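# Structure assessment
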Amino acid sequence: MIKSNMQKITVAKGDGIGPEIMNATLEILKAAQARIEFEEVEIGEKVYLSGNTSGIEKSAWDSIRRNKVFLKAPITTPQGGGYKSLNVTMRKALGLYANIRPCKSFHPFIATKHPDMDVVIIRENEEDLYAGIEHQQTDEVVQCLKLISRPGCEKIIRYAFEYAKLYKRKKVSCFVKDNIMKQTDGLFHKVFREIAVEYPDIEADVWIIDIAAARLADTPEIFEVIVTSNLYGDVVSDIAAQISGSVGLAGSANIGEACAMFEAIHGSAPTIAGQNVANPSGLLKAAIMMLNHIGQQDVAETIKNAWLCTIEEGIHTADIYKEGISKELVSTSAFAAAVISRLGLKPKSLKVAEYEKGVRLNLPKYQRKPSTSKVLKGIDVFVDWKGTEVNKLAEHLEKLNSDIRLTMITNRGVKVWPDGFEETFCTDHWRCRFEVSNGKPADKSSIPVLLAQALQDNLDVIKTENLYEFDGVKGYSLGQGQ
Ligand code: NAD
């Protein structure tokens, strides 16, 4: 029986340094009298190697879905094909759409070139290139689908603004690459602008990801809250954690509407596993985020302040130990003991942690927007063709008899017909665009007619994409050079 004020959570000790840093974290949680009961599950390498390619048994899923809160140590994904990343599976299967990664420096107690950095990265966690939809289409070309949805954008961007409001941050910065990806990153940017106006007290700015990542590495103090899509978020949060002092310092929360998972941002560090040298701080910080999430701000504060005391007294694990700054080099378990012995103390130099009680982010459920008017204007037909003279392919395609006509051929996105350049390198993967010529909507039945003729003509069609206008706006990109 769980006592009424106790919360049951699921715990996995993981692989590599996982068990060491989890044991250290659980000892600290118990010593701080966190009102938690732990239910341990096995996930990761052992489960993978037992023949389960997902790395997780049904009983572990049941525990996580029952308890709704999961504290997870890093796991090792075995090398070689056939094993799906369990982290990605869990984030997506449980709908954990928001990944929150605070990265702060603890100058002058942990060596860093960035004494004033205090940035929170809010990374979209379910879609983008991580949809994992990949195909080989020709001998020479493979593709990965980048899926960005309006609900995905709205949920993560609102999360970022609500987070900034709750934690009194003044600015939210959006990182995109919409100068190139006008549909996908363009949607993220557009939704950011729409939602930003609902928060007039919070400054909002938009950065192109390349210069944004450079500025984050150089002058992180100019950022407060960063919101970005899955892949960019993955890259920039490792940069931010590393330049704050060590990847071993940062924790993360994966938040969904029903469940939440808390973990260190780093991996299972197999080269230092079993040596009692790893820094447990990343997982401990994740546990502090978990305590805040389940309404135990008092315990979160006590542990965070004890951790700050330990750090400012120079009691450091090897990854952050530096002559002249650190006082004592300690093991994983000795670091945990040092934190435990400081429970109840407050730091003297570093800012004392104070977490507001009883507060929650205000996150309305996504409401589907009214449908737009969606009009078919043509089709992109992708063809595997080993020829080199594109005019020959065009001649072939122009003969297909349908009310949509060939208007353009591109190769890897570059227009090669009509009026292409001889210099353009071409692979065996051709995108052939057919459009209505009279500006009227295309008849959907013209598509199977076109494809049946292409088939008869021995054209190797590998995929198609319909071309639509939504409320009169083109929902597809032009060819490069068009
Ligand atoms: P890693 O994060 O495990 O290690 C990178 C570097 O940081 C190594 O030098 C390591 O020794 C050091 N390091 C990491 N955590 C540390 C800590 N707490 N204290 C001190 N030093 C620390 O990344 P990797 O080597 O690329 O991956 C190793 C394994 O971890 C792989 O199997 C990978 O799939 C897995 N991984 C798991 C997760 C997760 O479970 N969330 C995340 C990333 C990688």
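Reading the values: the criteria
- Residues numbered from 1 in each chain as written.
- Predicted model: local features only at pLDDT ≥ 70, side-chain atom pairs only at ≥ 80, totals over all residues.
- Heavy atoms only, no water.
- Near = heavy atom within 4 Å.
- Polar contact = N/O pair within 3.5 Å; in protein donor to acceptor, adjacent residues only side chain to side chain.
- Areas by Shrake-Rupley, 256 points an atom, 1.4 Å probe, with all protein chains shown as cover.
- Nonpolar A, V, L, I, M, F, W, Y, C, P; charged D, E, K, R; others polar.
- Salt bridge = Lys/Arg side-chain N within 4 Å of Asp/Glu carboxyl O.
- Buried < 20%, exposed > 50% of the residue type's maximum accessible area, 1.4 Å probe, protein only.
- Helix = DSSP H or I, 4+ residues; strand = E, 2+ residues; numbered from the N terminus.
- Core = buried A, V, L, I, M, F, W, Y, C linked by side-chain atoms within 4.5 Å.
- Domains from an automatic or database assignment.
- Contact = heavy atoms within 4.5 Å.
- Buried area = accessible area lost by both parts, 1.4 Å probe.
- Phe/Tyr/Trp six-rings, centres within 6.5 Å; stacked < 30°, edge-to-face > 60°.
- Pairing = 2+ DSSP bridges.
- Right-handed = clockwise from strand over helix to strand, strands pointing away.
- Disulfide = S-S within 2.5 Å.
- Axes fitted to C-alpha atoms, helices over the stretch in contact; angles between N-to-C directions.
- Parallel < 35°, antiparallel > 145°, perpendicular 65-115°, else oblique.
- Left-handed = near helix turned anticlockwise from the far one by under 90°.

### Here's the deal with the site of the ligand
What surrounds the ligand is a group of 19 residues, the closest being Ile75, Gly267, Ser268, Ala269 and Asn279. Measuring from an oxygen atom of the ligand, one finds a side-chain N or O atom of Lys72 at 3.3 Å. Within the backbone of Ala269, one N or O atom sits 2.7 Å away from an oxygen atom of the ligand. Across the complex, the protein chains shield 64% of the 810 Å² of accessible surface that the ligand would expose by itself. Considered class by class, the residues forming the shell around the ligand number eight nonpolar, eight polar and three charged.

### What about the pattern of salt bridges?
Here the structure, examined in full by the defined rule, presents 31 salt bridges. A salt bridge links Glu42 to Lys46; the nearest nitrogen and oxygen atoms lie 3.7 Å apart. For Lys46, a relative accessible area of 60% translates into the label exposed. Between Lys365 and Glu257 there is a salt bridge, with the nearest N and O atoms lying 3.1 Å from each other. Separated by 108 residues along the polypeptide, Lys365 in the loop between helix H11 (332-341) and strand E15 (374-384) and Glu257 in the loop between strand E11 (251-255) and strand E12 (260-264) bring together distant segments of the chain. A network of salt bridges, in which partner residues are shared, links Arg150, Glu154, Lys190, Glu194 and Lys369.

### Here we look at the nonpolar core
In this structure, Leu71, Ile100, Ile122, Ile157, Val227 and Phe262 are the most contacted members of the largest nonpolar core, which totals 78 residues. Residue-level mapping places this core at the junction of two domains, with at least three residues from each of domain 1 (1-95 + 253-350) and domain 2 (113-244). The residues touching Ile100, leaving out its near neighbours within four places in the chain, are Val120, Ile121, Ile122, Tyr159, Tyr163, Gly251, Ser252, Ala253, Ile255 and Met289.

### Here's the deal with the domain arrangement of the protein chain
Taken domain by domain, the protein chain holds domain 1 (1-95 + 253-350), domain 2 (113-244) and domain 3 (374-474). Relative placement of domain 2 and domain 3: their C-alpha centres are 34 Å apart. Domain 2 puts eight residues into the contact, and the matching count from domain 3 is eight residues. Each partner contributes to the roughly 650 Å² buried at the junction of domain 2 and domain 3, and carbon and sulfur atoms together form 48% of this total. Viewed at the interface, domain 3 and domain 2 are joined by one salt bridge.

### Some words on the environment of Phe192
Considering the arrangement of structural elements, one finds Phe192 in helix H6 (residues 184-196). Taking relative accessible area as the criterion, Phe192 reaches 0% and is therefore assigned buried. For the pair Phe192 and Arg158, spaced 34 residues apart in sequence, the C-alpha separation works out to 8.4 Å. In this structure, Phe192 is in contact with Ile157, Phe161, Val172, Ser173, Cys174, Ala204, Asp205, Val206 and Val227, ignoring residues within four places of it in sequence.

### So, the packing of aromatic side chains
Geometry of an aromatic ring pair is reported as the spacing of the ring centres plus the angle between the planes. Evaluation of the coordinates by the stated rule reveals nine aromatic pairs. Aromatic side chains Phe161 and Tyr199 sit 5.1 Å apart centroid to centroid with 15° between the ring planes, which places their arrangement in the stacked category. Note that Phe161 is positioned in helix H5 (residues 150-166) and Tyr199 in the loop between H6 and strand E9 (203-208), a separation of 38 residues in sequence. Given a relative accessible area of 7%, Tyr199 falls into the buried group. On the numbers, 5.3 Å between centres and 75° between planes, the contact of Phe175 with Phe223 is edge-to-face. With Phe175 in strand E8 (residues 171-176) and Phe223 in the loop between helix H7 (209-218) and strand E10 (225-228), this pair connects stretches of sequence that are 48 residues apart. Taken as a pair, Phe175 and Phe223 share a single burial class, namely buried. A network of ring pairs unites the aromatic residues Phe161, Phe192 and Tyr199 as a single cluster.

### Details of the pairing of strand E2 (residues 36-40)
Direction of pairing for strand E1 (residues 7-12) relative to E2: parallel, over a ladder of five bridges. Looking at the pairing, Ile9 lines up with Phe38 of E2. In the classification by handedness, the crossover that spans E1, the intervening helix H1 (residues 18-31) and the parallel E2 is right-handed.

### Details of the sheet that holds strand E20 (residues 473-474)
One open sheet accounts for six strands, arranged E17-E16-E18-E15-E19-E20; its pairing is antiparallel. In this open sheet, the two edge strands, each paired with only one partner strand, are strand E17 (414-417) and E20. Strand direction decides the pairing type here: strand E19 (residues 460-470) and E20, joined by two bridges, are antiparallel. The partner of Glu469 across the bridge, within E20, is Lys474.

### Quick word on the state of the cysteines
Covalent bonding between the sulfur atoms of two cysteines is what defines a disulfide. Per the stated rule, a full pass over the model turns up zero disulfides. Lacking any disulfide linkage, Cys144 is separated from the closest cysteine sulfur, that of Cys153, by 17 Å. With no disulfide partner, Cys432 has as its closest neighbouring cysteine sulfur the one in Cys426, 11 Å distant. Taking relative accessible area as the criterion, Cys432 reaches 0% and is therefore assigned buried.

### As for unusual backbone geometry
Here His107 and Pro108 are connected by a cis peptide whose omega angle stands at 0°. Omega for the peptide link from Trp417 to Pro418 comes to -5°, which places this bond in the cis form. Positionally, Pro418 belongs in the loop between E17 and strand E18 (429-436). One non-glycine residue, Lys168, adopts positive backbone phi at about 55°. With respect to the helices and strands, Lys168 occurs in the loop between H5 and E8.

### What about the packing of H5 against H6?
In contact at an axis separation of 9 Å, H5 and H6 are set at 45° when each is read in the N-to-C sense. Classified by the angle between their axes, H5 and H6 sit oblique to one another. The element H5 and its partner H6 pack so that their crossing is right-handed. Of the residues in H6, those touching H5 at Arg150, Cys153, Glu154, Ile156, Ile157, Arg158 and Phe161 are Leu187, Phe188, Lys190, Val191, Phe192, Glu194, Ile195 and Ala196.

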